[in-house]
Amino acid sequence: MPKTAKHSSAEPLLEELPLLPADSEDSQLTTLLRVYLSQAEIEQVWDAYRYSDGVHKGQMRISGEPYISHPVAVTCILAKLHLDVPTLLAALLHDVVEDSEVSKEELSERFGKQVADLVDGLTKLDKIELQTAVQAQAENVRKMLLAMSQDVRVILVKLADRLHNMQTLDVMKPAKQRRISQETLDIYAPIANRLGLNVIYQELEDLSFKYIYPNRYNVIAKAIKTARGNRKEVISKILESLKNKLADSDIEATVEGREKHLYSVYKKMMNKGLKLSQVGDIYGFRVLVKDMPTCYLTLGSLHSLYKPIPGKFKDYIAISKVNGYQSLHTTLFGPFGTPIEVQIRSHAMHDIAQAGVAAHWLYKTTDANLTQLQQQTHQWLQRLVEIQTESDDSHEFLEHFKVDLFPDEVYVFTPKGNILALPKGSTAVDFAYAVHTDVGNCCVAVKINHELAPLRTEMHNGDHVEIITSALAKPNPAWLNYVVTGKARSHLRHYLKSIKVTESTHLGGRMLNTALRALHAEPAQIKVKQWNKVMRDYGARDKAEILADIGLGKRISLMVAHQLLASDDEHTQPNTQKSFDKITIRGSEGMAVQFAQCCRPIPGDPILGFINKDKGLVIHTHDCNAISKFKLDPDKWLDVEWDADDKRLFRVDLRVMVVNERGMLAKLAAGISDAGSNIDNVSAEEPDGSQYSTINFTVQVHNRVHLAELIRNLRKIPEVVRMNRLKGKYREEKV
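Let me begin by describing the structure that accompanies this report. In this text, all values refer to a predicted model and were calculated from it rather than measured experimentally. (Residues numbered from 1 in each chain as written. Predicted model: local features only at pLDDT ≥ 70, side-chain atom pairs only at ≥ 80, totals over all residues. Heavy atoms only, no water.)

**Section: the overall build of the chain**
Within the chain, the regular secondary structure consists of 28 helices and 20 strands. The buried share of the chain, reckoned over its 735 residues, is 50%. Partitioning the intrachain contacts of the chain with sequence separation of at least 6 by distance along the chain shows that 67% fall at a separation of at least 24. Entry remark: accessible area of the chain is about 35700 Å², with carbon and sulfur atoms responsible for 51%. (Helix = DSSP H or I, 4+ residues; strand = E, 2+ residues; numbered from the N terminus. Buried < 20%, exposed > 50% of the residue type's maximum accessible area, 1.4 Å probe, protein only. Contact = heavy atoms within 4.5 Å. Areas by Shrake-Rupley, 256 points an atom, 1.4 Å probe, with all protein chains shown as cover.)

**Points about the state of the cysteines**
What is meant by a disulfide is a covalent connection between two cysteines, made through their sulfur atoms. In this structure the tally under the stated criterion is zero disulfides. In this structure Cys443 is a free cysteine whose sulfur lies 8.2 Å from that of Cys442, the closest cysteine sulfur available. Summary of cysteine pairing: Cys598 is not part of a disulfide, and the nearest cysteine sulfur, belonging to Cys624, is at 3.5 Å. (Disulfide = S-S within 2.5 Å.)

**Digging into the packing of aromatic side chains**
Under the criterion given, the structure shown has 11 aromatic pairs. Centroid distance Phe209 to Tyr266: 4.7 Å. Interplanar angle 25°. Geometry classified as stacked. On the criterion of sequence distance, the pair formed by Phe209 in helix α11 (residues 198-212) and Tyr266 in helix α14 (residues 262-272) is long-range, its members being 57 residues apart. Overall, the relative accessible area of 0% leaves Phe209 in the buried class. The exposure class of Tyr266 is buried, given its relative accessible area of 9%. Three or more aromatic residues joined by ring pairs make a cluster, and in this case those are Phe209, Tyr213, Tyr217, Tyr263 and Tyr266. Here the guanidinium or amino end of Arg216 rests over the ring plane of Tyr213, the centre of that ring lying 4.2 Å away. (Phe/Tyr/Trp six-rings, centres within 6.5 Å; stacked < 30°, edge-to-face > 60°. Lys NZ or Arg CZ within 6 Å of the ring centre and 35° of its normal.)

**Details of the environment of Thr502**
Here Thr502 is to be found in helix α22 (residues 486-518). The exposure class assigned to Thr502 is partly exposed, which follows from its relative accessible area of 42%. Sequence spacing of Thr502 and Ala544 is 42 residues, and the spatial spacing of their C-alpha atoms is 8.7 Å.

**Let's talk about the pairing of strand β19 (residues 720-727)**
With six of eight residues buried, β19 is to be regarded as a mostly interior element. Sheet analysis places strand β16 (residues 650-659) next to β19, joined by six bridges and oriented antiparallel. Residue Asp653 lies in a different strand from β19, and its bridge partner there is Leu726. (Pairing = 2+ DSSP bridges.)

**Looking at the side chain of Thr485**
Along the polypeptide, Thr485 turns up in the loop between β10 (465-469) and α22. Among the polar contacts listed, one links the side chain of Thr485 to the side chain of Asp430, at a separation of 2.8 Å. (Polar contact = N/O pair within 3.5 Å; in protein donor to acceptor, adjacent residues only side chain to side chain.)

**Describing helix α2 (residues 39-55)**
Look at α2: 25 Å from first C-alpha to last across 17 residues, which is about the 24 Å you get at 1.5 Å a residue. Of the surrounding secondary structure, the elements contacted by the buried residues of α2 are α1 (28-34), α3 (69-80), α4 (85-93), α5 (96-99) and α6 (104-111). (Expected span 1.5 Å × (residues − 1).)

**Concerning a positive patch on the surface**
Where like charges cluster on the molecular surface, the positive patch consists of Lys272, Lys312, Lys314 and Lys424. Along the chain, Lys312 turns up in the loop between α15 (292-305) and β3 (314-315). Its relative accessible area of 46% is what places Lys312 among the partly exposed residues. (Patch = residues over 30% accessible without salt bridge, like charges linked within 9 Å, V, L, I, M, F, W, Y side chains within 5 Å. Salt bridge = Lys/Arg side-chain N within 4 Å of Asp/Glu carboxyl O. Lys, Arg positive; Asp, Glu negative; His and termini not counted. Charge placed at Lys NZ, Arg CZ, Asp CG, Glu CD.)

**Digging into the sheet that holds strand β1 (residues 254-259)**
Strands sit in the order β1-β2-β5-β4-β3 across an open sheet of five strands; the sheet is mixed. Single-partner strands in this sheet number two, and they are β1 and β3. With six bridges connecting them, strand β4 (residues 328-333) and strand β5 (residues 339-346) associate as antiparallel partners. Paired with Leu328 across the bridge in β5 is Ile344. Packed on one face of the sheet, helix α16 (residues 347-355) meets β1, β2 (283-289) and β5 and runs near 105° to β5. (Axes fitted to C-alpha atoms, helices over the stretch in contact; angles between N-to-C directions.)

**Regarding the side chain of Ser693**
Note that Ser693 resides in strand β18 (residues 692-701). Take Ser693: its relative accessible area is 18%, and that puts it in the buried class. Polar side-chain contacts of Ser693 include one of 3.4 Å to the side chain of Asn660. Apart from residues no more than four positions distant in its own chain, Ser693 is found in contact with Val656, Met657, Val658 and Asn660.

**A look at the packing of helix α27 (residues 664-674) against helix α28 (residues 704-715)**
Relative to each other, α27 and α28 sit at 145°, their axes nearing to 8 Å. The handedness of the crossing between α27 and α28 comes out as right-handed. Between α27 and α28, the residues in contact are Leu668, Gly671, Ile672 and Asp674 and Leu710, Asn713 and Leu714, respectively. (Left-handed = near helix turned anticlockwise from the far one by under 90°.)

**So, the nonpolar core**
The nonpolar side chains of a soluble globular protein tend to be buried with one another. One finds Leu78, Leu93, Leu107, Leu159 and Leu204 to be the most contacted residues of the largest nonpolar core, which totals 61 residues. Ranked by residues supplied to this core, first place goes to helix α9 (residues 153-167) with eight residues. When neighbours within four sequence positions are excluded, Leu93 is seen to be in contact with Ala48, Tyr51, Ser52, Leu107, Phe111, Val115 and Val119. In this structure, Leu558, Ile602, Leu638 and Val720 belong to the second largest nonpolar core, which totals 50 residues. (Core = buried A, V, L, I, M, F, W, Y, C linked by side-chain atoms within 4.5 Å.)

Scope: geometric values only; no functional claims are made or implied.
This is the structure in structure tokens:
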């Protein structure tokens, strides 16, 4: 068997396994099962072992061991967490469907539906053809999430499976070691942390660190080992003083040393730019007591022994972490000026800190903390399922998923006094979506600590947050620039996509109608059977999908019109020459119609429309230099015209050369305001030492008539020497 990787800061969940059948009297698995299972339950596990051993007979791991050693090792990890029998059976059988002809139905018949469902949730998607490694990873995570949302034990088995694979990764090639380790660090370790499985989380992080940065791992491991030896006497003295002080205070407690795991030391060095010698809390102490009140008594006793360092106290008992972790953290001034980090918790809190949601099977009680932890875990899983159902793109889904696993949190209060945990850096919009999707979609303002604040304001620990909503409000695309949580980001993108499709469908319908009239056919003449044939040819779900594709530029309206008419035997086409009616541009179409930044057209400018596959219909002025510069496909150009009743404001760039005098900017601003226009942006070019200055304005006007009025106002100012309307970087237009 490959040598099992161990780290210096915590006991591994898996020791060297003897090469004995799992159901033999001397096997490690049997020893672990006898601690908490009855003989009848152990017999069930042995039966699953013999079945799995028979299915995997003759199969070998890359290391050369019999394959059965892997499911046995995974089961041992879960047995150490005292998980129930169905979970152990699923661990022993988790690869039988994937690696053999055994079906889910066969497993269900022999071991029960519960075990079969767990195994099915763990089965990879190798049989599906996926285009990229990222897509494959995303699809596996999707399936795992759906199974997790039904039964959290799926992920417990998956994490144990990944832990054993990481412990035996030495036999893989370095490139594969790094790829698997990076995936573990990005996805599986954060999941373990989020579920409160501290032992698995720390070991996954350290093993990933070992294979991604082997040199750094070895240097830090060696340095910590040396420091441990050098500080042995000081640590022993502090440990003894803590025990004596608690004994004098009549507090029954277990005091033990606690060493920071390697990857957390490395993260602290990288995040704070520290040398290893500057990381002061590599070694700390943990005090375990009988109950919660004793935790606070212990804190007072230790503070009377050594002075606490201000600002270094955290109460995770009153406000527990979202993964159920509870503890008091304090840092004390020890002897010789050594900072001492101490964690104080009850034995029950310690078990939850180590086993997280798995503690539910360890205790099998109605403990309030465990119940709350189960509810929080369920809510988190449901949130992830929501995200994955709204994310069509694999890259986007993985991005949302990783963001939601963000480990650092801030705790804020709702108006009703409930505590809400959010990732560090979350804004008021993230808070709104965390409360409810409808609150996020309709939020217009926020009160933080009873004072109005911008929606982009970041939350801090202890903030009291109240969201103000309006029934007529809609999500703002600009929110995507500063939201942090996966839920907020996915809901915003989903909303914007749905709006874009709706607008594109309307535009596509107008473009298709114009194309049909160019072929001497009226839209009302197109029959249902013609649409059905075209939908079948395109593989489209419905008519709206084809119209949206036209509006987004993915299909050419004239081609669709040709196919609609060609599918009707009765229809004749005497003249197919392109003679389109003009499409009217109202200026309020939204995302499906965009105005080119190269020429910034406004109502009154002669315009053309270009069909862009990503942006929909892009409007240019007819003399825009981009037309010849880009050598755009002439078949994608459409005749368009402005709606005469359009009241929208459009942006125009003006360059104004003026005499360099005091108060000149104020005069220009007043002239623009008098013309009923807004200034969107203003900038001055670097002075060249002459008596003239150049100022660039972006102003808002209704149309060319409005622009002409504004220009007349500015020309009345004697100091204005020259004025040009800027048409992007291609040319200027004298006005």
